[in-house]
Amino acid sequence: MPRVLLIEDDRAVREGVQLALRRQGHDVVAAGTGEDGLGQLRSCQADVVVLDLMLPGMSGLEVCRRIRADDNQVPIIMATARGDDVDIVVGLEAGADDYVVKPVRARVLEARIRALLRRVGAPPGGGVPKTETHGELAIDRTALTVCREGVPVALAPSELRLLLTLSASPGQVFNRQQLLEAVWEHNYNADARLVDACVKRLRTKMGETPGQPRYIHTVRGFGYRFKDSGQQPDRPDRSGPGRSGSGWSDSRRPGRYDHLGPR
């Protein structure tokens, strides 16, 4: 039975989500503060965390950062009552794997949880050799590990799956919608922030130089591609999330989300 750690300060919302997820076959452990949530995480062995952004005291962003700082790669779904671009992007860059804008219907949240759990143990790129080497990167597709110069790189589930997807086809350009479907299982016209924030985190963890990526390159107007050490380097990469050359504008609105009820 999958175990969900729900960190939500609103008691009515917390109890409603608990009941709905338990009816769907999940074991739910709940916490009302960030501090309590971190304590529960250390003892409950959660399979996924649903984390409210707006928490009293320690914010959801700080909780997310502390989880990732401890090299805990448990999948995190960030729930935010605000749909502002800045809030969502900051949350994703802090290490969240997915997000939902509150209020959200319980069945939508449950679908996101199941999608995350499926992705954790199902790497893409079937038929690719177990271990590959790309310059200083070693990727083991069976053990689901990545090392850089022999040192393990701790990647969140979405970061790992994005790297596995791109590196399975070096040189192939993936647009953002293709990556949303492959990595997040979003088969609707979702926004690009999930992809762009995940690419930014992944580049940082792989030691990429800002503006001069070695592995994950932006293809202006299209998306991203992976280049191994045997390919010719690109010119400096000056396109980024929100640039006009990326094919996505800053004004792009997020996809439609269903509703759970008032916060």
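Residue numbers run consecutively from 1 along every chain, following the written order of its sequence. Side-chain atom pairs in this predicted model are given and counted only at pLDDT of 80 or more, local residue features only at pLDDT of at least 70, and totals for whole chains, interfaces and linings cover all residues. To get the side-chain values, all heavy atoms of the structure are used, and hydrogens and water are removed first.

A. Highlighting the sheet that holds strand β2 (residues 27-31). The parallel open sheet is built from five strands, whose spatial order is β2-β1-β3-β4-β5. Edge positions in the open sheet fall to β2 and β5 (98-101), since each of these has one partner strand only. Direction aside, the axes of adjacent strands within the sheet are offset by 20° on average. Relative to strand β4 (residues 76-80), strand β3 (residues 48-52) is paired through four bridges, and the arrangement is parallel. Looking at the pairing, valine 50 lines up with isoleucine 77 of β4. Contacts between residues were defined by any pair of non-hydrogen atoms, one from each residue, lying within 4.5 Å. Orientation is described by axes fitted as lines to C-alpha atoms, over the contacting stretch for helices, and by angles from 0 to 180 degrees between their N-to-C directions. Here a helix means four or more residues in a row that DSSP labels H or I, a strand means two or more in a row labelled E, and each is numbered from the N terminus. Across the face of the sheet, helix α1 (residues 11-23) comes into contact with β1 (3-7) and β2 while running at roughly 170° to β2. For two strands to count as paired, DSSP must find a minimum of two bridges between them.

B. How the structure looks around the side chain of arginine 201. Here arginine 201 lies in helix α8 (residues 193-205). The contacts of arginine 201, once residues within four sequence positions are left out, are Leu92, Glu93, Gly95, Ala96, Ser158 and Glu159.

C. Structural detail: unusual backbone geometry. Of note, the amide linkage connecting lysine 102 to proline 103 takes the cis form, showing an omega dihedral of -5°. Along the polypeptide, proline 103 turns up in the loop between β5 and α5 (106-120). Unlike most non-glycine residues, glutamine 45 shows phi in positive territory, near 55°. In this fold, glutamine 45 is placed in the loop between α2 (34-44) and β3. Here the term buried applies to any residue with accessible area under 20% of the maximum for its type, exposed to any over 50%, and partly exposed to those in between, with areas from a 1.4 Å probe on protein chains only. Residue class for glutamine 45 comes out exposed when judged on its relative accessible area of 69%.

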